[in-house]
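# Coordinates in review
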Amino acid sequence: MSNPHLPADHPPVANEKIGVLIANLGTPDGYDYWSMRRYLNEFLSDRRVIDYSPWIWQPLLQAVILTKRPFSSGAAYKSIWNEEQGESPLMTITKAQTKKISEAMAERYGDDVIVDFCMRYGNPSTRSKVRIMAERGCRKILFFPLYPQYAGATTATANDEFFRSLITEKWQPPVRTVPSYFDRPSYIDALAQSVERAYGVMETKPDILVCSYHGVPQRYLMEGDPYHCQCQKTTRLLRERLGWDKSEIVTTFQSRFGPEEWLQPYTVEEVARLAEGGKKRIAVIAPAFSADCIETLEEINEEIRESFEEAGGENFTYIPCLNDDDAHIAALSEAISDNLKGWIE
């Protein structure tokens, strides 16, 4: 938009805005071999995710893993794909979250705040959305990785990519990042409400609630990553909010990859142990995921469910992620508003 106070030969300058850029992990563009290979190559080449020496890791990745895994991962994505929209559920849900957050920001701040989303891997890229925000006049940007618990392999790599995206900007805006919100009362309350709704329609209450978080190597904890501790605190705060005994809830970790020891107990093994130990009815929730994705819709609802049932379990309930639930959107919007203080009131 042209500014009447600028000389006639001055390049156009958009009216100043504040940008809120929310970020999620990412999704392949399709479940075909080459779409999966491109996505997995970008994801598994990230040194925050796999920190082995590239001299060792890249030959293994390119010659072995990426020749086989796109087929199995593609089949998993196909089983959950949103065929109507031609996209993964994570993309559909992230769009819905962005729309609702944008409406909440517009109600509070008018048209002074622009809300958009990006993906760490795949499309839309972080760099492309930073460029669009700059073109739309965002002179300040708040970056919000949608990971309740901080981990180097999630929050940190999203921030890394955001900061790298600023390198190409002629006019770099002041920026902020939203910290992890694993213990924010409004987030815990949203989780608790989702559990209460699920339990409220059951004839018989589950014997135990399994809080399944995405795993990381045990070594990361020893090297100072706070993820494990934040996961444990989320579970404790959820239990306290629900008013439950410690025996009614357990913390586990899923999605193990490679030969290293990862955070334990492993969800897929723990649900089998629970079934064998007499816990025939369980519910599973995934507090580390802000939106349902391949790890929840396919891994939990298929692989982990199968492990439980094969060990003698009788009733398995998956409680969906918070997605675009109103309580979740309110919690995310609250975190955004808190982190905009000083920039806009």
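Report on the accompanying structure.

## Quick look at the sheet that holds strand β2 (residues 113–122)
The strand order across the open sheet built from four strands is β2-β1-β3-β4, with neighbouring strands paired in parallel fashion. Whereas interior strands pair on both sides, the edge strands pair on one side only; in this sheet they are β2 and β4 (175–177). Between one strand axis and the next, the sheet turns through 25° on average, direction left out of account. As paired strands, strand β1 (residues 17–27) and strand β3 (residues 138–145) are joined by seven bridges and run parallel to one another.

## Observations regarding empty space enclosed by the protein
Leftover empty space is mapped by rolling, across the atoms, a probe with the size of a water molecule. According to the stated counting rule, one finds one cavity of 30 Å³ or more in the structure shown. Approximately 40 Å³ is the volume attributed to the largest cavity. Lining the largest cavity, in full, are Tyr187, Leu191, Ile285, Ala286, Pro287, Phe289, Pro320, Cys321 and Leu322. Of the residues in the lining of the largest cavity, the class split is nine nonpolar, no polar and no charged.

## Observations regarding the sheet that holds strand β8 (residues 315–319)
An order of β6-β5-β7-β8 is seen for the four strands of this open sheet, with the pairing classed as parallel. Each edge of the sheet is formed by a strand with only one pairing partner; in this case those strands are β6 (249–254) and β8. Taking the axes of each pair of neighbouring strands and ignoring which way they run, one obtains an average angle of 25° across the sheet. As judged from the four bridges shared by strand β5 (residues 208–214) and strand β7 (residues 281–285), these two strands associate in the parallel manner. Of the residues in β7, the one forming a bridge with Ile208 is Ile282.

## Here we look at the state of the cysteines
What the rule picks out here adds up to zero disulfides. Left without a disulfide partner, Cys211 is nearest to the cysteine sulfur of Cys231, which lies 9.8 Å away. No disulfide involves Cys229; its sulfur sits 9.1 Å from that of Cys231, the nearest cysteine.

## Section: unusual backbone geometry
For the bond from Asn123 to Pro124, the omega torsion is -5°, close enough to zero to count as cis. Within the fold, Pro124 resides in the loop between β2 and α4 (126–135). The amide bond that connects Gln264 to the next residue, Pro265, takes the cis arrangement and shows omega of 5°. Even without glycine at this site, Ser255 takes up a positive phi of about 65°. Position of Ser255 among the secondary structure elements: in the loop between β6 and α9 (267–276). Among the residues examined, Ser255 registers a relative accessible area of 15% and is labelled buried. Positive phi is not limited to glycine here, since Asn323 has a value of about 50°.

## A closer look at the packing of aromatic side chains
Per the counting criterion, the structure on display carries 15 aromatic pairs. Chaining the aromatic ring pairs together yields one cluster made of Tyr31, Tyr77 and Trp81. Looking at Lys129, its charged tip hangs above the ring of Phe117, at a distance of 4.5 Å from the centre. Residue placement shows Lys205 over the ring face of Trp244; its charged tip is 4.9 Å from the ring centre.

## Describing the packing of helix α1 (residues 33–44) against helix α2 (residues 54–80)
Between α1 and α2, the least distance of the axes is 8 Å, while the angle of their chain directions is 130°. Taken together, α1 and α2 sit at an angle that is classed as oblique. Seen from above, α1 lies across α2 with right-handed handedness. Residues Tyr33, Met36, Arg37, Tyr39, Leu40, Asn41 and Leu44 of α1 touch α2, and the partners they reach there are Trp57, Leu61, Gln62, Ile65, Leu66, Thr67, Arg69, Pro70, Phe71, Ser73, Gly74 and Tyr77. Here the residues of the contact of α1 with α2 sort into twelve nonpolar, five polar and two charged.

## With respect to the pairing of β7
Across the five residues of β7, four count as buried, placing the element largely inside the fold. Here β7 runs beside β8; their pairing, made up of five bridges, is parallel. Paired with Ala283 across the strands is Thr317, a residue of β8. For the crossover that starts at β7, traverses helix α10 (residues 294–310) and ends in the parallel β8, the hand is right-handed.

## Remarks on α1
For α1, with twelve residues, the first-to-last C-alpha span of 16 Å sits near the 16 Å given by 1.5 Å per residue. Of all the residues in α1, the buried ones are Tyr33, Ser35, Met36, Arg37, Tyr39, Leu40 and Leu44. On its buried side, α1 packs onto β1, α2 and β2.

## Thoughts on the pattern of salt bridges
Applying the stated rule across the entire model yields 27 salt bridges. Glu334 is paired through a salt bridge with Arg184; the nearest N and O atoms lie 2.8 Å apart. Residue Glu334 is found in helix α11 (residues 326–340), and its partner Arg184 is found in the loop between β4 and α6 (185–200); the two are separated by 150 residues along the sequence. A relative accessible area of 18% means that Arg184 is categorised as buried. Salt bridges sharing common partners tie together Asp46, Arg120, Glu161 and Arg164.

Conventions and cut-offs
- Residues numbered from 1 in each chain as written.
- Predicted model: local features only at pLDDT ≥ 70, side-chain atom pairs only at ≥ 80, totals over all residues.
- Heavy atoms only, no water.
- Pairing = 2+ DSSP bridges.
- Helix = DSSP H or I, 4+ residues; strand = E, 2+ residues; numbered from the N terminus.
- Axes fitted to C-alpha atoms, helices over the stretch in contact; angles between N-to-C directions.
- 1 Å grid on protein atoms, 1.4 Å probe; cavity = no way out; pocket = protein on both sides within 12 Å on 5 of 7 lines; lining within 4 Å.
- Points joined across faces, edges and corners; volume = space filled by probe spheres on them.
- Nonpolar A, V, L, I, M, F, W, Y, C, P; charged D, E, K, R; others polar.
- Disulfide = S-S within 2.5 Å.
- Buried < 20%, exposed > 50% of the residue type's maximum accessible area, 1.4 Å probe, protein only.
- Phe/Tyr/Trp six-rings, centres within 6.5 Å; stacked < 30°, edge-to-face > 60°.
- Lys NZ or Arg CZ within 6 Å of the ring centre and 35° of its normal.
- Parallel < 35°, antiparallel > 145°, perpendicular 65-115°, else oblique.
- Left-handed = near helix turned anticlockwise from the far one by under 90°.
- Contact = heavy atoms within 4.5 Å.
- Right-handed = clockwise from strand over helix to strand, strands pointing away.
- Expected span 1.5 Å × (residues − 1).
- Salt bridge = Lys/Arg side-chain N within 4 Å of Asp/Glu carboxyl O.

Shape is all these values report; function is a separate question.
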